[in-house]
Each structure stands twice: as structure tokens, then as C-alpha cells.
Amino acid sequence: MKILKLVFKNALRHKLRSFLTILGIGIAVMAFGLLRTVVTAWYAGIEASAANRLITRQAVSFIFPLPYAYRDQIAKIPGVEIVTYMNWFQGVYIDKNQFFARMACDPETFFNVYPEFIVPPDQMETFKKERNSCVVGRDIAKQYNLKIGDVMPIEGDIYPGRWEFVVRAIYQPRDKTVDGTQMLFHWEYLNERMKQEMPIRAGDVGWYIVKISDPSKSAQISEQIDALFKNSRAETKTETERAFQQSFIAATSAIVTAMNVMSFVIIGIIMLVLGNTMIMAARERTREYAVFKTLGFSGGHLVGLIAGESFLISFFGGGLGLLMTFPLINMFEAFMPKGWFPIFNLEPITMILAGVSALSVGIVASLFPIQRALGTKIVDGLRHIG
Amino acid sequence: MPSIIQVQDVSKAYRRDSFDIPVLNNISLEIPEGEFLALMGPSGSGKTTLLNLIAGIDRPNKGTIVVGGTNIASLNESHLAKWRSTHVGFVFQFYNLLPVLTAFENVELPLLLTSLSKKDRKQHVEAVLTVVGLKDRMNHYPKQLSGGQEQRVAIARAIATDPTILVADEPTGDLDKSSADEILTLLERLNKEFKKTIVMVTHDPRAAEKAHTIRHLDKGELK
């Protein structure tokens, strides 16, 4: 019989109370895991950004286009390897609730700038040849059961009219940090139709993506690009892809901050749940602790007993919470429109943070009961009626 | 017989709010080795306080207490805890067994503080449970035992480390007559056969009859 065994037995002494405490911690850890996953998903674009990519957009606002003619001028700047460009198309596929990124791109250069989108060579060849073709991400293909040769009819909103795209390629994200929910088609297809139907919008590019050879020169090249178009009708703002993504997050920073705060409030809740249990347990065992002291057990033994029990409960609670987090996140992802959070994974750092938080709370929650047990005189403890 | 317990000019007062409540006034007492002493007196007379001081679980405000040659009033908390673990066996009125441990494990508890191996601990525990007549119940939990049996387990726990003195605070106070007789017979046997020095606090004159010596306390003074 060892102290550890006694710790186990004490933890299971009030089975219902211990079970409810473990469940409470588990639910809190699960909520913490989900919130942190949402926050992480929010920042996924930033994490996935490459250091060697710059984004050039209209200086006034992202929603205003840039002339296609800028492309060649940007390409001439020393240090620029490839220039590609995109337009946000959007439109309605099936219904308005089916949200995922639908964009026009330059098929010749896009995949050289974004090597993390992996397209089989034969599919790539067909995609490049057919102007009304499109590439869809693996996740989108799976969600809508799209196969090569299928037609995707889209009702245009930013670019009005009915559009039909033939799926000619399905890209695979290189790793789990890459968005697998995009649909890309030929910018030329869009531009030609604009020439016919809305000539004023022909030759418009949403933004340029500039691949540079040396990331350390990103600031210098950005300045050079913007200087090229200074005082033009469409001045530019060039920044790293990371900064570009961060500017999107900045718009929703209050929500992210609130979620961050909430996730740490949850840690506080765990502490209160466990602290309450430990205080009740220590109060009920005041006489037992006095008996331990009477028998010659030291303060260290009592610390081990109380902290061990608290740690054990938090360990099981944290473990249960993590186990429950996986199905919850899968369920959350399944119910959420695919494009909202293209990358929605339970990151190892979230698991570590949740586990460490639960265990730390286990230790902290035992401090008051320990202080009480150590501070109570033996004679007072023996008189205690719990 | 030489004195194993020497209490000299001991005073003790408790502080309640801003008041000092005197409990013991200049008590002096010598208890020879192998003695079975009963302390009697009305409630609040200071019996349990004196027992606690002798057992080293409380400290006097004044005076010295020497047990087995050690002035326990001069020991710090950690030394006093160590001293208690080897020199004092406690028997409480309400047994104070741990409900989550079996009889065996409860008796083994004080032995965990010794350097005995698991095998030796097992031998010790079985031996003392045999002395109290509960070897066959060693795997039972306290709630599966009667009050008398629980108190016998508590006595087994008290003698497991072969302490210098055995202190018992109202050991029969929570028992029926038959169980109380069993416990008193057991204490008598421990005193006679195993030469244990026993200091027992009791209200019960029948219990006190088993002791060699009866001392009365009243209003903090020894009569």
C-alpha cells in the first residue's frame, strides 16, 4: 500500500462527485480546444503565407481593381521572379449558403507561384488548354461529389450572368495547412466575356501576386512596385502575403480577441470547478489529515495526497476533454459551410495547451486546500466534524 | 519503576477570540514505565489537553514534558512528528480509521514511515491483527466492521510500530457495553503481556477500574 494508491482511492471516494468534476473539466477542455481551433483557423491564412510572395493591390481598397497592364511593369523589377494575378469572382453555386472561394487566375503562372496546390500533370495540361475549365480543391470535389468532366454552373453576382465551368482538374493541398476548398478558372475566360458584355471592366485584375527571389528584399521590392504607379489612376499598395492576410484578420480582431479571452475564461472555470471539489474534499477530510499528522506523516505527505488527488482528477478531466474534442471538431467542421474555415484542424499546440492548462489548474486548485490542511492544528483537526 | 513520562509545572491556555482560557494550571505528573493510568474528570477539566500534551500533538505554554528521556516541548514540528511516529500510539474515541483503506492497510499506515520492507510490514500487520483478534477480517473495510472491531483495528494501528507509550482518548466512549469490555480487556492485556505504558482518558468508572492508577483532573488541576 503506497501513498499513490491512497491518492487513487481518495479521488474515487465520492464517485459521483469525482465523475461530475471530471466531466466538468472535460467539457471545459473541449470548449477550450474548440475555441482555440477556431482562433487557429482564423489565422490559418497567415500561417500558410509564404515569405517570398508579395501582394500588390489597389492602394485605396482591395475591392478596386488594377490594370492588367501593370503586370509587365512589375515583372521587370529586379528580384521579381514571377508575377501572377487573380480576381475574386464569387457567384452563387447551388445556393447562397454554399460558400467557398471562386477566383479567376492565370493558369500559366498561378501554380508556379503557389506550388502548394498540387495538380496531376495530365489534368493540368487539359485545364490549361480549355478556357472554360476550372480546378477545384480536393475538399470541394468531395463535398459536392465533383468529378473530372462535371459542369459547375454558377450564377454571377460581381460578374453578372450565368457561367458554366467544366471541372478539368482537382488539386491536392500539399499539407494540412493548405486550403483545399478553392475553385480556380481562367482569368482570360472572365476577361473575354467582360470585353463583350461590360467593356469598362475588361482588363481588370483584382490583385497581383509577385514571387520574389530573395524574401529579405521584400520591403525594397514593395517600395519599387508602389513607386512605379505613384500618381497613376490606380496607385498600388504592396506588402508581404503575411501582412496582407493580417490586414484581413485585423478587421475581425475584436471577435478573435473575444474568443481568446473566452478560451482563458474557460481555464478559470475549470479552476473553479476543481477548486470547489478539492476544497469540499479537504474540508471533509480535515480530521483524517489530523490523524495523518498524529501518526507522524509530514506536511510533504499531505501536500502529495491533496495535490496528487487534484492532479489526478484534472488529468482524467483533461484527457476526457481532449478525447471529446476530436469528434466535436469533426462535427463542427461537417456542419459548417466548407469555405468559412478552409483549414480547421486540432493543432498539436492546442492539445498541449489544453492538457497543460488542465494539469496546471489541478495543481493550482489544490493550493488552498493544502494551505488549509497544513495550517490546521492537530487538536483542532481531530475535533473537526466534517 | 523509573518514570517514562515526566510532566513538570505544565500550564496550557487556549485563546478564543481575544480571551485566554486557562485549561491546565501548573500540572506535574510522573508516570512509571509499564503503568496503566486513567485520567478522569468532568468535561472541560483538561483531561484530553493533558493527554494531547503528553502525546506531542499540542504544546504547553509553560513547563516541560519529558517522555522516554526526550523533552518533547523543545522539539520542532518535523522532529516532533518523527518522534510521534516511533514513540506514541494513539487510540481515539471515534477510531479515526481511513474509510477507503482495509483493516490491513489502516494498520500498515504508520509502518509506511519506517524503513521496513513490504514483506516485514506484512508480517508486522498480521502479527498485531492477530493480537487484536482480527486477522481474519484484515481485508475488510471499516464500514464492514462493527464499532468494537473498528476500535480493535485502531488499537492494532496504534501498536504496530511498537511505541513507547499508548495514549487512548475515551476509547470506549462510542461503544456498547460488550464491545467496551472487549476493548478494555485488550488494553489490559497490552499492558500486562506486552508491558505497554498506557495513559487513558475516560469518563467511564468501569473503564477506569481496569487501570492501575486513577488521577482526577478538575478545573485544570490534578487531584
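Residues numbered from 1 in each chain as written. Chains lettered and ligands numbered in written order. Predicted model: local features only at pLDDT ≥ 70, side-chain atom pairs only at ≥ 80, totals over all residues. Heavy atoms only, no water.

### Some details on the overall build of chain A
Scanning chain A for helices and strands turns up 16 helices and 12 strands. The C-alpha radius of gyration computed for chain A amounts to 29 Å, which surpasses the reference 21 Å derived for 386 residues by more than 25%, pointing to a less compact arrangement than a globule. Structurally, chain A occupies a C-alpha span of about 95 × 45 × 30 Å along its principal axes. Per-residue burial over chain A gives 49% buried out of 386 residues. (Helix = DSSP H or I, 4+ residues; strand = E, 2+ residues; numbered from the N terminus. Rg over C-alpha atoms; globule rule 2.2 N^0.38 Å. Buried < 20%, exposed > 50% of the residue type's maximum accessible area, 1.4 Å probe, protein only.)

### Observations regarding the nonpolar core
The biggest cluster of nonpolar side chains holds 84 residues, and the ones touching the most others in it are B:Ile5, B:Val7 and B:Leu50. Of the residues forming this core, the biggest block, 10 residues, is contributed by helix α2 (residues 15-42) of chain A. In this view, B:Val7 contacts B:Ile27, B:Ser28, B:Leu29, B:Leu50, B:Ile54, B:Thr64 and B:Ile65; residues no more than four positions away in its chain are not counted. Listed in part, the 39 residues of the second largest apolar core include B:Leu111, B:Val125, B:Val131 and B:Val153. (Core = buried A, V, L, I, M, F, W, Y, C linked by side-chain atoms within 4.5 Å. Contact = heavy atoms within 4.5 Å.)

### Considerations on helix α5 (residues 147-159) of chain B
Since the α-helix packs 3.6 residues into each turn, any two residues three or four apart lie on the same face. The end-to-end C-alpha distance of α5(B), which contains 13 residues, comes to 19 Å, matching closely the 18 Å that a straight helix rising 1.5 Å per residue would cover. Three or more residues of α5(B) are buried, namely B:Gly148, B:Gln149, B:Glu150, B:Gln151, B:Arg152, B:Val153, B:Ala154, B:Ile155, B:Ala156, B:Arg157, B:Ala158 and B:Ile159. Elements in contact with the buried residues of α5(B): α12 (286-295) of chain A together with β6 (88-91), α3 (103-108), α4 (118-131), β7 (165-169) and α6 (177-193) of chain B. (Expected span 1.5 Å × (residues − 1).)

### Observations concerning the environment of B:Val91
All names here are of chain B. Assignment of secondary structure puts Val91 in strand β6. Here Val91 falls in the buried class, since its relative accessible area comes to 2%. C-alpha separation for the pair Val91 and Asn106, spaced 15 residues apart in sequence, amounts to 13 Å. In contact with Val91, other than residues within four places in its own chain, are Gln151, Ile155, Ala158, Val167, Ala168, Asp169 and Pro171.

### Remarks on the layout of surface pockets
Approximately 680 Å³ is the volume found for the second largest pocket. In this structure, the second largest pocket is lined by 30 residues; those nearest its centre are A:Arg383, B:Thr48, B:Asn52, B:Gln93 and B:Asp169. Residue contributions to the lining of the second largest pocket peak at 5 residues, all from helix α1 (residues 47-55) of chain B. (1 Å grid on protein atoms, 1.4 Å probe; cavity = no way out; pocket = protein on both sides within 12 Å on 5 of 7 lines; lining within 4 Å. Points joined across faces, edges and corners; volume = space filled by probe spheres on them.)

### Structural notes on the side chain of B:Glu105
Within the fold, B:Glu105 resides in helix α3. Side-chain polar atoms of B:Glu105 contact the side chain of A:Lys9, separated by 3.1 Å. Engagement of the side chain of B:Glu105 in a polar contact is seen with the backbone nitrogen of B:Thr102, the distance being 2.9 Å. (Polar contact = N/O pair within 3.5 Å; in protein donor to acceptor, adjacent residues only side chain to side chain.)

### Remarks on the domain arrangement of chain A
The domains assigned to chain A are domain 1 (3-44 + 254-383) and domain 2 (60-234). Look at where the C-alpha atoms of domain 1 of chain A and domain 2 of chain A centre, and you get two points 48 Å apart. (Domains from an automatic or database assignment.)

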